[in-house]
Amino acid sequence: MGKALFITGTGTDIGKTYVTGLIVKKLRDAGLNGGYYKAALSGAEPDGEGHLCPGDAQFVKDMAGLPEPAEKLVSYIYKEAVSPHLAAQWNERPVEMSRIQADFRQAREKYAYLTMEGSGGIICPLRWDAEKHLILDDMVKELQLPVLIIADAGLGTINSAVLTIEHLRHRQIPVKGVIFNNYHAGDRMETDNARMIEEITGVPVIAKVSKGDRELAIDAEELAALYED
Ligand SMILES: Nc1ncnc2c1ncn2[C@@H]1O[C@H](COP(=O)(O)OP(=O)(O)O)[C@@H](O)[C@H]1O
Ligand SMILES: [Mg+2]
């Protein structure tokens, strides 16, 4: 049974998938068996043959060189680019925690370091119907995962990163660190943003990713140490 780490973001389109690709690549380049899993993906593009392509999984597979087909790395794939709870309602295909538990377990058996990407930000409803209410943070808690937060480096990030950290702490979910995306080396405000998040919360900004980076500037061992049993 491998170790695992959950990736959330301060919002949607913040770069979770991009940075996850760099993380899994870093581990695999260092000879570690890094893998990827995502519970629910919405906004999947049809491939012309009636199949939905799970873009996030395909991106990470391509960047990190994962051996499995992208479809195997995601439990629920929806076409509509809306929150999973709404796409699930429209498709009458609700997310089942038991299925996620089983797929997650299987992925952990295959990979020594499993990186699980969330959907949207930490308050992303996965299911909201008469039978069950499930939000992303409930799932992270059930799977007992520590979390790494991807945040934009720019203006507004102090607020969104600190709120995300405060919420995770309120739910008693361990927070391992923050990675900045779209960082501009030498930018004084962005450098201060990192310092302020660290000083307000005590959570370290462990790496900074700039546009187009193909490698994560962090030690593979330091990265691997964030994963938990
Ligand atoms: N550092 C980066 N360099 C280049 N492109 C990026 C970077 N970060 C994000 N992107 C691009 O921005 C878009 C949104 O990022 P993505 O990783 O898909 O966000 P999320 O997974 O949080 O929704 C994607 O097209 C992605 O390839
Ligand atoms: Mg993504």
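Along each chain, residue indices are assigned from 1 in the same order as the chain's sequence is written. Going through the entries in the order they are written, you letter the chains from A and number the ligands from 1. Local features in this predicted model are restricted to residues whose pLDDT is 70 or higher, and side-chain atom pairs enter the listing and the counts only when it is 80 or higher, whereas totals over whole chains, interfaces and linings include all residues. Only hydrogens and water are set aside when side-chain values are computed; all heavy atoms of the structure are taken into account.

Peer 1: How should the coordination of the magnesium ion (ligand 2) be read in this particular structure?
Peer 2: Geometry sets the ideal angles at a metal, namely 109.5 degrees for four tetrahedral donors and 90 or 180 degrees for six octahedral donors. Metal-coordinating donors are taken as N, O and S atoms lying within 2.8 Å of the metal, or within 3.2 Å when the metal is Na, K or Ca; because water is left out, some sites can appear incomplete. The coordination sphere of the magnesium ion (ligand 2) contains the protein donors Thr 17 (OG1), Asp 56 (OD) and Glu 117 (OE), at a distance range of 2.1 to 2.3 Å. Between the donor residues of the magnesium ion (ligand 2), the gaps in sequence give the motif T-x38-D-x60-E. One end of the pair, Asp 56, is in helix 2 (residues 55-64); the other, Glu 117, is in strand 6 (residues 113-121), with 61 residues separating them in the sequence. Each helix corresponds to a stretch of at least 4 residues labelled H or I by DSSP, and each strand to a stretch of at least 2 residues labelled E; elements are numbered beginning at the N terminus.

Peer 1: Looking at this structure, I do not really get the site of ligand 1. What am I missing?
Peer 2: Proximity is defined per residue: any heavy atom of the residue falling within 4 Å of a molecule or strand makes that residue near it. Surveying the vicinity of ligand 1 reveals the residues Asp 13, Ile 14, Gly 15, Lys 16, Thr 17, Tyr 18, Glu 117, Asn 181, Val 209, Ser 210, Lys 211 and Gly 212. In the environment of ligand 1, an oxygen atom lies 3.1 Å from a nitrogen or oxygen atom belonging to the backbone of Gly 15. Throughout, the Shrake-Rupley method with a 1.4 Å probe supplies accessible areas, and for residues the shown protein chains are the sole cover considered. Relative to its unbound accessible surface of 550 Å², ligand 1 loses 72% to contact with the protein. In the scheme used here, Gly and all other residues not listed as nonpolar or charged are polar, with Ala, Val, Leu, Ile, Met, Phe, Trp, Tyr, Cys and Pro taken as nonpolar and Asp, Glu, Lys and Arg as charged. Class assignment for the residues of the shell around ligand 1 results in three nonpolar, five polar and four charged. Pairing of N or O atoms within 3.5 Å defines a polar contact, subject to two protein rules: one partner must be a possible hydrogen donor and the other a possible acceptor, and residues neighboring in sequence count only if both atoms are side-chain atoms.

Peer 1: So what exactly am I meant to see when it comes to the packing of helix 1 (residues 16-29) against helix 2 here?
Peer 2: What describes two packed helices is the angle between their axes and the distance between those same axes. Between helix 1 and helix 2, the least distance of the axes is 8 Å, while the angle of their chain directions is 35 degrees. At the point where helix 1 passes helix 2, the crossing takes the right-handed sense. Residue-level contacts link Thr 17, Tyr 18, Thr 20, Gly 21, Leu 22, Val 24, Lys 25 and Arg 28 of helix 1 to Asp 56, Phe 59, Val 60, Met 63 and Ala 64 of helix 2. Of the residues belonging to the contact of helix 1 with helix 2, the class tally is seven nonpolar, three polar and three charged. For helices, the axis comes from a line fit to the C-alpha atoms of the stretch in contact; other axes are also lines fit to C-alpha atoms, and the angle between any two N-to-C directions lies between 0 and 180 degrees. Crossing handedness is defined as follows: a turn of the near helix away from the far one that is anticlockwise and smaller than a right angle gives a left-handed crossing, while the clockwise case is right-handed. Contacts are residue-level and defined by heavy atoms, with any inter-residue pair within 4.5 Å sufficient.

Peer 1: Help me understand the packing of aromatic side chains in this model?
Peer 2: Think of a pair of aromatic rings as described by two things: how far the centres are apart, and how the planes are tilted against each other in angle. Any Phe, Tyr or Trp ring, taking Trp's six-membered ring, that has another such ring centre within 6.5 Å forms a pair; planes under 30 degrees apart are called stacked, those over 60 apart edge-to-face, and the others tilted. Counted according to the given criterion, the structure contains four aromatic pairs. An angle of 40 degrees between the planes, with centres 5.6 Å apart, marks the rings of Tyr 18 and Phe 59 as tilted. One end of the pair, Tyr 18, is in helix 1; the other, Phe 59, is in helix 2, and 41 residues separate them in sequence. When a residue's accessible area, from a 1.4 Å probe over protein chains only, is under 20% of the maximum for its type it is buried; when over 50% it is exposed; and in between it is partly exposed. Exposure remark for Phe 59: the relative accessible area of 31% places this residue in the partly exposed category. Ring centres of Tyr 37 and Phe 104 lie 6.4 Å apart, and the angle between their planes is 45 degrees; this geometry places the pair in the tilted category. Here Phe 104 lies in helix 4 (residues 97-110) and Tyr 37 lies in strand 2 (residues 34-41), a separation of 67 residues in the sequence. Look at Tyr 37 and you get buried, because its relative accessible area is 2%. Residue placement shows Arg 99 over the ring face of Tyr 76; its charged tip is 5.0 Å from the ring centre. If you follow Lys 208 out to its NZ or CZ, it ends over the ring of Tyr 183, 5.4 Å from the centre. In our convention, an over-ring charge means Lys NZ or Arg CZ found within 6 Å of a ring centre and within 35 degrees of that ring's normal.

Peer 1: Help me out: how do you make sense of the layout of surface pockets in this one?
Peer 2: The method is simple in principle: a probe with the dimensions of a water molecule rolls over the atoms, and the space it marks as empty is what remains. Taken as a whole, the largest pocket encloses approximately 440 Å³ of empty space. Going through the elements one at a time, helix 1, strand 2, helix 2 and strand 6 are the ones with two or more residues in the lining of the largest pocket. Grid points spaced at 1 Å over the protein atoms alone were grouped into cavities, where a 1.4 Å probe fits but cannot get out, and pockets, open sets with protein on both sides within 12 Å along at least five of seven lines, with lining residues defined by an atom within 4 Å of a point. Grid points are joined across faces, edges and corners, and a volume is the space filled by probe spheres set on the points. One number sums up the size of the second largest pocket: a volume of about 220 Å³. Along the walls of the second largest pocket sit 16 residues, with Glu 71, Lys 72, Leu 73, Val 74 and Asp 103 positioned nearest its centre. Taken together, the elements giving at least two residues each to the lining of the second largest pocket come down to strand 2, strand 5 (74-77) and helix 4. Its residues placed into classes, the lining of the second largest pocket shows seven nonpolar, two polar and seven charged.

Bear in mind that shape data such as this cannot, by itself, settle questions of function.
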